[in-house]
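This is what each chain is made of:
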Amino acid sequence: MQDVLAALGIKASNAGASTGTQWIAGGGKEISSFSPVDGKEIAKVTLANEEAYERVIKKAQEAFAEWRMYPSPKRGDIVRQVGEALRKYKEPLGKLVSYEMGKSLQEGYGEVQEMIDICDFAVGLSRQLHGLTMHSERPGHRMYEQWHPLGIVGIISAFNFPVAVWSWNTMLAWVCGDVCIWKPSEKTPLCAIACQNIISEVFQANNVPEGVCGLVIGEAAIGEKIANDPRIPLVSATGSTRMGKAVGAAVGARLGRSLLELGGNNAIIISKDADLDIAIVGCVFGAVGTAGQRCTTTRRLIIHESIYDAFRDKLVAAYKQLRIGDPLDQNNHVGPLIDKGAVEQYQKAIEKCKAEGGRFLVEGGVLDGAGYESGCYVKPAVAEAQPHFEIVQHETFAPILYLMKYNTLEEAIAIQNGVPQGLSSSIMTLNLREAESFLSSAGSDCGIANVNIGTSGAEIGGAFGGEKETGGGRESGSDAWRVYMRRQTNTINYSTQLPLAQGIKFDL
Ligand code: NAD
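None of the values given here were measured: they were computed from a predicted structure.

*Asks:* Account for the side chain of asparagine 490, naming residues and giving values.
*Replies:* Along the chain, the position of asparagine 490 falls in strand E21 (residues 485-493). For asparagine 490, a relative accessible area of 15% puts it in the buried group. Among the polar contacts listed, one links the side chain of asparagine 490 to the side chain of glutamine 146, at a separation of 3.0 Å. Polar contacts involving the side chain of asparagine 490 include one to the side chain of glutamine 488, which spans 3.3 Å. Sequence-distant contacts of asparagine 490, defined by excluding residues within four places in its chain, comprise Arg142, Met143, Tyr144 and Gln146.

Pasting the structure below:
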């Protein structure tokens, strides 16, 4: 891993200091980043203290005054160069993501590819930040709307997508003319430092003010500062529903804007008309990919009673094929959980499911021995459960899959919708009526609803996010850019009169 760190400009002794610039806020206590892959310390990182936070905010304010005056396509050109730099660093950055977070190497590379894709998307967007024109009711008047940048966007991100989620926000915010301050997860600080180093290279080559890209590494307290800071008009926060409720309340109390991307509890409905071969792959990848640590992980399968036994047996057989181990070894399907705290949550969830009457078809358990020294490797588990179980209503960030039966499609949709979260959902069916009913206004209540693909693995072209306790935010593609801008309506009078709207008379 030393060669990977060196390629990304990270020094193991003090990662944050490695760039020798002011880009990275420090001054606070020192923490170590440990890999869940082998339990080893990767590097030490200095957290941001209060003074460093203030410095980053000040730099961001100064930079905004300059950055907002760049023509948007010019900002797009900088983002294009960021995309090129990410292509250059895809291999080491993908490896670091895999090693620091624990996802498979393929998924690590996939995450960097997603960053490249959003850069490409943002470059095109930089020429398409369109407003509408309207017909004025007054003669000799023109009315239109335009979109202006907001200012500083605060980005609080989760450990499970340590780089992609930041880029979804940042690349759009930048072409929109905003500047960004990133508080990454304290569990994956090195991925953030690597990104900062890559960006720094591009910015220095283009004389972009460094405050356009601020980084404050810290624990929840720094996230709370961002949420409460009136100098930050938009806070984009990705993480647990618990965190989102706190951030949403703090930002709301100061009438700021928040974009919340929170927990999911995603289900796939397996119809009697499903292509079961496709369904099996979609379900297993959805449930065990990233060791069940995606917000879009498949947590519930709602299976038609007529095919329940056959599908269950196929699924159990597929789980027997899973290889658990080092995620950098491409022969393995399932890597570790992020840390021992996550392992504990997994164990508690299994106990709770049993206590509520769940029956495990594939038993879970923590692995030990050679290759599992970090203590973070667990067996993906499958249980038969009831929709109303408290544990089934709750997102456990680990590979535990709950199976349930249904009879009518209405019943399946009610089970699918009957949880507090509303992120991703799917139906496996070749029946057009079922597919369209699932997608209709009386169907899935989630932000993402798919047919014949699983719940995870979204593309950047669509708006990403979910309803209910998932927070309601949308990021990435479609018109998600609008949340990063303020809309201004302009009315221009080019006549020789001053007619008032609604025909109101006011003579002097
Ligand atoms: P987490 O909520 O523990 O932490 C997320 C981030 O919030 C971290 O940077 C953390 O330091 C910060 N934070 C924690 N408490 C805070 C507070 N009170 N105020 C401000 N900041 C605070 O989540 P995690 O364990 O890192 O990630 C897993 C969770 O993230 C899961 O629930 C998952 O579903 C969710 N997630 C959602 C999406 C999505 O797009 N909907 C994407 C990825 C992850």
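*Asks:* Pulling in residues and values, what's your account of the side chain of arginine 75?
*Replies:* By the element assignment, arginine 75 lies in helix H3 (residues 72-88). Notably, arginine 75 is buried but unbridged: the nearest opposite-charge side chain belongs to aspartate 178, and the N-O separation is 8.1 Å. The contact partners of arginine 75, leaving out residues within four places of it in the chain, are Trp67, Arg68, Tyr70, Trp174, Val175, Cys176 and Gly177.

*Asks:* Give me the site of the ligand: which residues, what numbers.
*Replies:* The ligand sits among 28 residues. The nearest are Ser157, Glu186, Ser240, Leu262 and Glu395. A distance of 3.2 Å separates an oxygen atom of the ligand from a polar atom in the backbone of phenylalanine 159. Side-chain polar atom of glutamate 261 to an oxygen atom of the ligand: 3.2 Å apart, as the coordinates give it. In the complex, 91% of the free accessible area of the ligand, which totals 840 Å², lies under the protein chains. Elements represented by at least two residues in the shell around the ligand include exactly helix H8 (220-228) and helix H9 (241-253). When residues in the shell around the ligand are grouped by element, the largest group, 4 residues, is from H9. Grouping the constituent residues of the shell around the ligand by class yields 13 nonpolar, 9 polar and 6 charged. Taken domain by domain, the shell around the ligand gets at least three of its residues from each of domain 1 (1-262 + 471-489) and domain 2 (266-451).

*Asks:* Any chance you could break down the layout of surface pockets for me, citing the residues and the numbers?
*Replies:* Size it by volume and the second largest pocket reaches roughly 290 Å³. If you go around the second largest pocket, you meet 17 residues; those closest to its centre are Phe285, Val288, Leu322, Asn332 and His333. Secondary-structure elements contributing two or more residues to the lining of the second largest pocket are helix H5 (105-125) and helix H10 (276-288). For the lining of the second largest pocket, a count of residues per class yields 9 nonpolar, 6 polar and 2 charged. Summarising the domain contributions, the lining of the second largest pocket has at least three residues from each of domain 1 (1-262 + 471-489) and domain 2 (266-451).

*Asks:* Help me get a handle on the environment of histidine 141, residues and values and all.
*Replies:* With respect to the helices, strands and loops of the structure, histidine 141 is situated in strand E4 (residues 141-149). Judged by its relative accessible area of 10%, histidine 141 is buried. The sequence separation of histidine 141 and isoleucine 427 amounts to 286 residues, and the corresponding C-alpha distance is 51 Å. Not counting chain neighbours up to four residues away, the residues in contact with histidine 141 comprise Ser136, Thr491, Ile492, Asn493, Tyr494, Ser495 and Pro499. Looking at histidine 141, its side chain comes within polar contact range of the main-chain oxygen of proline 139, at 2.7 Å.

Rules of the game
- Every chain is numbered independently, its residues counted from 1 as its sequence is written.
- This being a predicted model, a pLDDT of at least 70 is required before a residue's local features are given, and a value of 80 or more before pairs of side-chain atoms are given or counted; all residues contribute to the totals for chains, interfaces and linings.
- Side-chain descriptors were evaluated using all non-hydrogen atoms of the structure, hydrogens and water having been removed beforehand.
- A run of DSSP states H or I qualifies as a helix once it reaches four residues; a run of E qualifies as a strand once it reaches two. Both are numbered from the N-terminal end.
- Accessible area is worked out with a 1.4 Å probe on protein chains only. A residue is then buried under 20% of its type maximum, exposed over 50%, and partly exposed in between.
- Polar contact is defined as a pair of N or O atoms within 3.5 Å, subject to the rule that within protein one atom must be able to donate a hydrogen and the other to accept it, and that residues adjacent in sequence are counted only when both atoms are side-chain atoms.
- The contact criterion used is simple: two residues touch if any of their non-hydrogen atoms lie within 4.5 Å.
- Residues scored as charged are limited to Lys and Arg (positive) and Asp and Glu (negative), so that His and the chain ends carry no count.
- Salt bridge criterion: a side-chain nitrogen from Lys or Arg within 4 Å of a carboxyl oxygen from Asp or Glu.
- Put simply, a residue is near a molecule or strand once any heavy atom of it comes within 4 Å of that molecule or strand.
- Methods summary: accessible areas were calculated by the Shrake-Rupley approach with a probe of 1.4 Å, and residue burial reflects only the protein chains presented.
- Each residue is assigned to one of three groups, with Ala, Val, Leu, Ile, Met, Phe, Trp, Tyr, Cys and Pro labelled nonpolar, Asp, Glu, Lys and Arg labelled charged, and all others, Gly among them, labelled polar.
- Domain start and end points were adopted from an automatic or database domain assignment.
- Note on definitions: the grid is 1 Å and covers protein atoms alone; a cavity is a set of points where a 1.4 Å probe fits but cannot get out; a pocket is an open set with protein on both sides within 12 Å along at least five of seven lines; lining residues have an atom within 4 Å of a point.
- Grid points are joined across faces, edges and corners, and a volume is the space filled by probe spheres set on the points.

Don't take any of this as a statement about function, it's just geometry.
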